[in-house]
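In case you want the letters, here they are:
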Amino acid sequence: MSSPVISENLFLLYSFGMGIFITFIYDLFRIFRRVCVHNNFFISLEDILFWIFCAISVFYMMHTQSNGTLRWFAILGAVTGMFLYKKTISPFFVKWVSHVLNIIVDFLKKILTVISKPFMLLAKKGKKTGKQITNRGKRMTGFLKKRLTALLKTLKIALCKQ
């Protein structure tokens, strides 16, 4: 085969691989969304970042492989790679990896609840003790206020008599 034909076939292979790579990266986002549920704002932000990453990576591939020339067979190769990955590997990959990660996260949550129980009990005890100290402080403040008011009245009376 001639050199231009080989380079065009390599470019088609690179674009096919780029389609698989882009879909794989999006599957990582999907797994993250299944493990860490979050609201639409953050999902939209992730999508924007994903598409910026895709645009930069596809532009870089086009620039390095075909000097920035848009080749329709490259787009067809990328779409084919995306489609084949999405229909073959993606469903199993997303399902099983997110399932395993959810099991790990649930296990870690259980461990953290067991570890944090003594601290929670201390916090409850500290809250109860804090309330008792606060109540005593309020009573002491009331007592001191009454005593100071009485002393102030006595001082005023003493000063007025002289």
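The shown structure was predicted, so the numbers you read here are calculated from the model rather than taken from an experiment. (Residues numbered from 1 in each chain as written. Predicted model: local features only at pLDDT ≥ 70, side-chain atom pairs only at ≥ 80, totals over all residues. Heavy atoms only, no water.)

Notes on helix α1 (residues 3-35)
- When the terminal C-alpha atoms of α1 are compared, their 48 Å separation across 33 residues agrees well with the 48 Å that a helix rising 1.5 Å per residue should span.
- Buried residues of α1: F11, S15, M18, G19, I22, T23, I25, D27, I31, R33 and V35, and no others. (Helix = DSSP H or I, 4+ residues; strand = E, 2+ residues; numbered from the N terminus. Expected span 1.5 Å × (residues − 1). Buried < 20%, exposed > 50% of the residue type's maximum accessible area, 1.4 Å probe, protein only.)

So, a nonpolar patch on the surface
- A surface patch of nonpolar side chains, about 970 Å² in accessible area, is lined by V100, L101, I104, F107, L108, I111, L112, I115, F119 and L122.
- Note on placement: F107 falls in helix α4 (residues 90-161).
- Residue class for F107 comes out exposed when judged on its relative accessible area of 51%. (Patch = residues over 30% accessible without salt bridge, like charges linked within 9 Å, V, L, I, M, F, W, Y side chains within 5 Å. Areas by Shrake-Rupley, 256 points an atom, 1.4 Å probe, with all protein chains shown as cover. Salt bridge = Lys/Arg side-chain N within 4 Å of Asp/Glu carboxyl O.)

Regarding the packing of aromatic side chains
- Per the counting criterion, the structure on display carries seven aromatic pairs.
- Joined through ring pairs, the aromatic side chains of Y26, F29, F50 and W51 make up one cluster. (Phe/Tyr/Trp six-rings, centres within 6.5 Å; stacked < 30°, edge-to-face > 60°.)

Some thoughts on the confidence of the model for the protein chain
- Per-chain confidence: the protein chain averages 85 in pLDDT, with 96% of residues scoring 70 or above.
- The spread of mean pLDDT over the elements of the protein chain runs between α4, the lowest at 83, and helix α3 (residues 72-88), the highest at 89. (pLDDT = per-residue confidence, 0-100.)

Observations regarding the layout of surface pockets
- Approximately 160 Å³ is the volume attributed to the largest pocket.
- What lines the largest pocket is I22, T23, Y26, D27, R30, F50, W51, M82 and K86.
- Listing elements by their share of the lining of the largest pocket, those giving two or more residues are α1, α2 (40-66) and α3.
- If one sorts the elements of the lining of the largest pocket by residue count, α1 sits on top with five residues.
- Taken together, the residues of the lining of the largest pocket sort by class into five nonpolar, one polar and three charged. (1 Å grid on protein atoms, 1.4 Å probe; cavity = no way out; pocket = protein on both sides within 12 Å on 5 of 7 lines; lining within 4 Å. Points joined across faces, edges and corners; volume = space filled by probe spheres on them. Nonpolar A, V, L, I, M, F, W, Y, C, P; charged D, E, K, R; others polar.)

Looking at the side chain of S57
- Here S57 lies in helix α2.
- Of the polar contacts made by the side chain of S57, one reaches the backbone oxygen of C54; its length is 3.0 Å. (Polar contact = N/O pair within 3.5 Å; in protein donor to acceptor, adjacent residues only side chain to side chain.)

Observations concerning the nonpolar core
- Counting residues in hydrophobic clusters, the biggest one holds nine residues: F11, M18, I22, I25, F50, C54, M61, M62 and A74.
- Of all the secondary-structure elements, those providing two or more residues to this core are α1 and α2. (Core = buried A, V, L, I, M, F, W, Y, C linked by side-chain atoms within 4.5 Å.)

Some thoughts on the pattern of salt bridges
- Overall, the coordinates contain three salt bridges when judged by the stated rule.
- The closest approach of N and O atoms between D27 and R30, which form a salt bridge, is 3.0 Å. Residue D27 and its partner R30 are both found in helix α1; the two are separated by three residues, about one turn of the helix.
- Residue classification places D27 among the buried positions, given a relative accessible area of 1%.
- Owing to a relative accessible area of 21%, R30 belongs among the partly exposed residues under this scheme.
- The partner of R33 in a salt bridge is E46, and the shortest N-O contact between them spans 2.8 Å. Of this pair, R33 sits in helix α1 while E46 sits in helix α2, and the two are 13 residues apart along the sequence. The same class applies to R33 and to E46, which are both buried.
- Ionic contacts of the salt-bridge type, sharing partners, join the residues R33, E46 and D47 into one network.

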